[in-house]
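Structural characterization, general
So the chains spell out like this:
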Amino acid sequence: MSTAIREDAGGTRGAWRADPYTRALSAGRGPLFLRRADGWLLPLEVERWCADADAADRTVLRRCRGSVLDIGCGPGRLVAALAPYGRPCLGIDVSRAAVARTVRTGGPALCRSVFEPLPDEGRWGTALLLDGNIGIGGDPRALLTRVTQLLAPEGLLIVEAAAADVDERVRVRVDDGRGRVGTAFPWARVGAPALLRHARAAGWTAVERWTARGRDFMTLRRAAVPGPATPPP
């Protein structure tokens, strides 16, 4: 697959490009937060994202089937972990800095929004929404519906849910805790109970749930569509 870095007009691209997120990725460390309008801060785990895949990540990678699409790949630790084993994979992210770092670490990546046209739509074996990326676009059901278009009919979606029992849609800014902030963009936080509700509404069914290193994961498969009723003999 191509490792080209491409630009497009994704709705949140500016928020992740020329702001504290880009500087944090360059340094490989935080502090970095998502800030709500009311001042509440959600810490972002930049150091973990910029490190190699850890034991919790590997529990996800072992469950991947077929080609893997990492949605919101960030600095690319997951595709970098998959690529040496010959598994077809691709990371996508709206941050040019994130995509550039992914490519430097040996992972194929495109600077692209999940809501824009993507390679191999309808043929991916596994899609990943980790590190809070179920929040992309601020509408979990719209995102889950979009992923149904990307995966093969028997494909798997692996999602990381928030640790808290939460279901919120907010506008946030990236904040470095030192007074520098990015532009506002829509985001969502979804705990496991809310994820199950949104998944069912978008045509998914849960097939497995597990916890690793305090992180909560769920594997989803597209819900079976009932066939026509069989007439009585």
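These lines cover the structure that appears in this document, whether it is placed above or below. (Residues numbered from 1 in each chain as written. Predicted model: local features only at pLDDT ≥ 70, side-chain atom pairs only at ≥ 80, totals over all residues. Heavy atoms only, no water.)

1. Description of the sheet that holds strand S2 (residues 41-43)
Within a sheet, adjacent strands bond to each other through the backbone by hydrogen bonds, running parallel or antiparallel. Stated precisely, the cut-off is as follows: Here, strands pair whenever DSSP counts at least two bridges between them. Under the scheme used here, helices are H or I runs from DSSP no shorter than 4 residues and strands are E runs no shorter than 2 residues, and both carry numbers assigned from the N terminus. Interaxial angles span 0 to 180 degrees and are taken between N-to-C directions of axes, which are lines fitted to C-alpha atoms, for helices over the stretch in contact.
The sheet built from four strands is open, its strands ordered S2-S1-S8-S9 with antiparallel pairing. A single partner strand is all that each edge strand has here, and the edge strands are S2 and strand S9 (185-190). Averaged over all adjacent pairs, the angle separating strand axes in this sheet is 45°, with direction ignored. With six bridges joining them, strand S8 (residues 167-175) and S9 adopt antiparallel strand pairing. Across the sheet, residue Val 170 finds its bridge partner in S9, namely Trp 187.

2. So, the nonpolar core
For clarity, the threshold we go by: We call a set of buried Ala, Val, Leu, Ile, Met, Phe, Trp, Tyr and Cys residues a nonpolar core when their side-chain atoms join them within 4.5 Å. Relative accessible area decides the class of each residue, using a 1.4 Å probe on protein chains only: under 20% of the type maximum gives buried, over 50% gives exposed, and in between gives partly exposed. The criterion used for residue contact is that any of the two residues' heavy atoms lie within 4.5 Å.
Of all hydrophobic cores here, the largest spans 43 residues; its most connected members are Ile 71, Leu 144, Val 147, Leu 157 and Trp 204. Residues within four places of Leu 157 in sequence aside, it is in contact with Ala 127, Leu 129, Leu 144, Val 147, Leu 151, Trp 204, Met 218, Thr 219 and Leu 220.

3. Comments concerning the sheet that holds strand S3 (residues 68-71)
Spatially, the seven strands line up as an open sheet ordered S5-S4-S3-S6-S7-S11-S10, and their pairing is mixed. Looking along the sheet, the strands with just one partner apiece sit at the ends: strand S5 (109-111) and strand S10 (204-212). Looking at each pair of strands side by side, their axes are set apart by 20° on average, direction ignored. Relative to strand S11 (residues 215-222), strand S7 (residues 151-161) is paired through six bridges, and the arrangement is antiparallel.

4. Points about the packing of helix H6 (residues 140-150) against helix H7 (residues 192-201)
Geometrically, a packed helix pair is captured by the angle between its two axes and the distance between the axes. This is how it is decided: When an angle is under 35 degrees it counts as roughly parallel; over 145 it counts as roughly antiparallel; between 65 and 115 it counts as roughly perpendicular; any other value is oblique. Here a crossing is taken to be left-handed if its near helix is turned anticlockwise relative to the far helix by less than a right angle, and right-handed if that turn runs clockwise. Three classes are used, and their members are as follows: Ala, Val, Leu, Ile, Met, Phe, Trp, Tyr, Cys and Pro are nonpolar, Asp, Glu, Lys and Arg are charged, and the others, Gly among them, are polar.
Taken N-terminus to C-terminus, the directions of H6 and H7 make an angle of 50°; their axes are 9 Å apart at the nearest point. When the axis of H6 is compared with that of H7, the two are oblique. For H6 against H7, the interelement crossing comes out right-handed. Together, Pro 140, Arg 141 and Leu 144 of H6 and Leu 195, Arg 197, His 198, Ala 199 and Ala 201 of H7 make up the contact between the two elements. Looking at side-chain class alone, the contact of H6 with H7 contains five nonpolar, one polar and two charged residues.

5. Some words on the pairing of strand S6 (residues 124-129)
A large share of S6 lies buried, amounting to six of its six residues. As paired strands, S3 and S6 are joined by three bridges and run parallel to one another. The residue of S6 that forms the bridge with Leu 69 is Ala 127. One ladder, built from five bridges, connects S6 with S7; its direction is parallel. The partner of Trp 124 across the bridge, within S7, is Leu 151.

6. Some words on H7
Defined as follows: The arc in question is the one traced by the directions running from the helix axis out to the C-beta atoms.
Residues of H7 that are buried: Ala 192, Ala 194, Leu 195, His 198 and Ala 199. The buried residues of H7 occupy an angular sector of 155° when projected down its axis, which confines them to one face. Along H7, the residues that are exposed and aim more than 90 degrees away from the buried face are Arg 200 and Ala 201. The inward-facing, buried residues of H7 contact H6, S7, S8, S9, S10 and S11. Taken from the residues just after H7, Gly 203 is the one with a positive phi, measuring 90°.

7. Section: helix H1 (residues 20-27)
All of the buried residues along H1 are Pro 20, Tyr 21, Thr 22, Ala 24 and Leu 25. Buried residues belonging to H1 abut helix H2 (46-50), helix H5 (96-104) and S8. Just past H1, the residue Gly 28 takes up positive phi, approximately 80°.

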